[in-house]
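Notes for the structure review
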Amino acid sequence: MSVQNPTIPGALEAKGIDAAIIDLQTFLSFELTWLSNGMGRAYKRKKVRPNQAVQFLPMVYLGTSKYDFFDASPDNDKEGQSIILVGNRTPIDFQRGHYGYSEYPVSLIFSANLETINPILLLTEDFTEHLMDNVRQALTRDILGKSYDLEILEETRDFDEVYAEFDINTDAGKTNKPLLPMTYFRFDTTITIKEDCPSIPLDRCTAIQNNLTQDDIDNCIIPNYCGGGFSNTYSMAFDGVNEELEAPTNAIYDIERTDSFTICCRVNVASFAAVQQFIAKHLGGRGWYFGVVGARLILALEHAGGAMSNKLQVRTVASLTAGVSYHVAVTYDGTSTPGGIKFYIDGVLQSNVTLLNNLSMTITNVFPVIIGGPINIDATINVVRMWDIEFTQAQITSDYNAGTPTDPIQQVNQIIGCDMGDNGLFGVDTWVLPDTTGNVTGFQSNNMEFLDRVAAI
Amino acid sequence: MDDNRYYIVNMNDPNILAIGQLSVGALGSQRVSLDGTQAIIKLPKGDETQYPELEGYEQYNHSQIREIVFEPEWYNEEVG
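In what follows, the accompanying structure is described. All of these numbers come straight from a predicted model, not from anything done at the bench.

Definitions and limits used
Residues numbered from 1 in each chain as written. Chains lettered and ligands numbered in written order. Predicted model: local features only at pLDDT ≥ 70, side-chain atom pairs only at ≥ 80, totals over all residues. Heavy atoms only, no water. Helix = DSSP H or I, 4+ residues; strand = E, 2+ residues; numbered from the N terminus. Buried < 20%, exposed > 50% of the residue type's maximum accessible area, 1.4 Å probe, protein only. Contact = heavy atoms within 4.5 Å. Areas by Shrake-Rupley, 256 points an atom, 1.4 Å probe, with all protein chains shown as cover. Expected span 1.5 Å × (residues − 1). Pairing = 2+ DSSP bridges. Core = buried A, V, L, I, M, F, W, Y, C linked by side-chain atoms within 4.5 Å. Patch = residues over 30% accessible without salt bridge, like charges linked within 9 Å, V, L, I, M, F, W, Y side chains within 5 Å. Salt bridge = Lys/Arg side-chain N within 4 Å of Asp/Glu carboxyl O. Lys, Arg positive; Asp, Glu negative; His and termini not counted. Charge placed at Lys NZ, Arg CZ, Asp CG, Glu CD.

This part is about the overall build of chain B. From N to C terminus, chain B includes 2 helices and 4 strands. Each helix (α) and strand (β) of chain B, taken in turn from the N terminus, gives the series β-α-β-β-β-α. In chain B, buried positions account for 44% of the 80 residues. Considering only intrachain contacts with a sequence separation of at least 6, the fraction spanning at least 24 residues in chain B is 72%. A total accessible area of about 4,500 Å² is found for chain B, and carbon and sulfur atoms account for 46% of it.

With that settled, consider helix H1 (residues 17-31) of chain A. Over its 15 residues, H1 of chain A extends 21 Å from the first C-alpha to the last, a length consistent with the 21 Å expected when each residue adds 1.5 Å. Those residues of H1 of chain A that are buried lie in contact with strand S1 (37-48), strand S4 (80-86), strand S6 (101-113), helix H4 (128-140), strand S7 (148-156) and strand S8 (182-194) of chain A.

All names here are of chain B. In terms of residue burial, strand S3 (residues 38-42) counts as a mostly covered element, since 4 of its 5 residues are buried. Relative to S3, strand S1 (residues 6-10) is paired through 5 bridges, and the arrangement is antiparallel. In the strand pairing of S3, tyrosine 7 is matched with isoleucine 41. Across 2 bridges, the pairing between strand S2 (residues 31-32) and S3 is antiparallel. Its bridge partner being in S3, valine 32 is matched across the sheet by alanine 39. Taken together, S2 and the strand that follows it, S3, pair antiparallel across an intervening segment of 5 residues, in which glycine 36 is found at a positive phi of about 80°.

Taken together, 10 strands build an open sheet; the order of strands is S19-S15-S14-S13-S12-S20-S10-S25-S24-S23 (chain A) and the sheet is antiparallel. Pairing within the sheet leaves two strands with one partner each, and these edge strands are strand S19 (352-357) and strand S23 (425-426) of chain A.

Take the nonpolar core next. All names here are of chain A. Core analysis: the biggest nonpolar cluster contains 48 residues, and Phe278, Ile279 and Phe290 have the highest contact counts within it. With 5 residues, strand S11 (residues 261-269) is the single largest residue contributor to this core. Residue contacts for phenylalanine 290: discarding those within four places in its chain leaves Ile263, Cys265, Gln277, Phe278, Ile279, Leu297, Ile298, Leu299, Val328, Ala329, Val330 and Phe343. Grouped together as the second largest cluster of nonpolar side chains are 31 residues, Phe27, Leu32, Phe127 and Leu131 included.

The next thing to look at is unusual backbone geometry. Keep in mind that most residues, glycine aside, have a negative phi and that most peptide bonds are trans. Residue and element names in this part refer to chain A. The residue after glycine 373, namely proline 374, is reached through a cis peptide bond having omega 5°. On the secondary structure map, proline 374 appears in the loop between strand S20 (370-371) and strand S21 (378-387). For serine 336, which is not glycine, the phi torsion reads 60° and is therefore positive. Here serine 336 shows up in the loop between strand S16 (325-332) and strand S17 (341-345). Its relative accessible area of 8% is what places serine 336 among the buried residues.

We now examine a negative patch on the surface. Residue and element names in this part refer to chain A. Among the surface-exposed residues, Glu154, Asp158, Asp160 and Glu161 lie close enough to one another that they form a single negatively charged patch. Locating aspartate 160 in the fold gives a position in helix H5 (residues 159-162). The exposure class of aspartate 160 is exposed, given its relative accessible area of 53%.

Worth remembering: the numbers are spatial, not functional.
So this is what it looks like as structure tokens:
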């Protein structure tokens, strides 16, 4: 074992927050290519120098025969080093006779030697933000299948704030630690765990893979991110008043009630009301739409409303929560019956309620496909896709996890693909967002501004 | 974060074309009441100018206008 690069043993019997921290340590070391020394839980320990000076330093337990703690202060010999500070436990959601949940403030502290990571790039810029972006992506879009929920609260690059709990001097004149090529940053987060952590993964995707019951799945913490391998940069935020995206007219969108189809998208609804539409080819009671009625998902296939009512409307039993991001999907088998409609939330098949079931006439119309309307929705939407086949559960899970339809059948049958702000162009007052299928040139915004392109959900 | 300011304007307002120039998006793409007599327009985020063309019209914030668009004059989707 080298003193400079010690082997940090992995605990075999970790429990509770320690299990979560060890998993996070391993996860970060795997995800961040520049993190050469990803260490685990650090403690504030007093160290007395030979001159009797006392310092509080971050120490990581080594578990050797000497039961040593290792000084995990920043070190320019290490390409990238991280330590994890854990604060006090706060019990939340306590119910007698049930598992409770615990919340911990957890800080991830990074130091890195930029020169060893990319000396060429360092000639022109301080690329600390690149490293922070790597961490951010790992902790939001890439983290999945964990037995804990993690939320980023604050980030800082100020040296004194990064090491606020410790007596680590800047030592600029002596060691150059706070100057380039060294860089330092910190992510303050909250980790939530169930009392029996790590026995049951808490996110819903992993719950499905482990065949948990619907009750258990409903109890799982809903992650505030979508899909495991999925990654893009931008979503579009719709105000639920008059903002929407409109597709050019194309015969490929003329879905009939006897056609099967699948629609997937990622949504974060800000407020619920009556009907609001994610995507529709619908106006005045004629056509099809996928959206929400109240907080529940709805698919409607309609010939006419009013006295001539001829419609199929089905909604979910389960509700979405405002401000939470979901992957939502609906499949339809072309039978014009309620049983032909399946909804999925974060890859989980839902139970349904039939609202109307008397559809027997055509639903085709001359209206354009609209994303975010025409009954406008107050939501952020990302990665809207539609296929002219009915997906299986496995294909829905694939779209949820990977975010990219890798199956050739899926690609051939895709009729709508809009990755929202990614590769979008903003003209004088209009966004043009490309259609990734190539069926049309793109989706043009109505009444949307440059600032309506927001970070990906 | 800067918010939009919303207004419900009369389509027969003699200044309607000028109002359309102020709003985000073209006048023809704005949300119109079911009877076609009124439209909802909004000013760009952060625009705090008091325009004479909008004098006499009530100003709404996002949550206020969201309640209005689900009133019968603006909304008619039948469900169930």
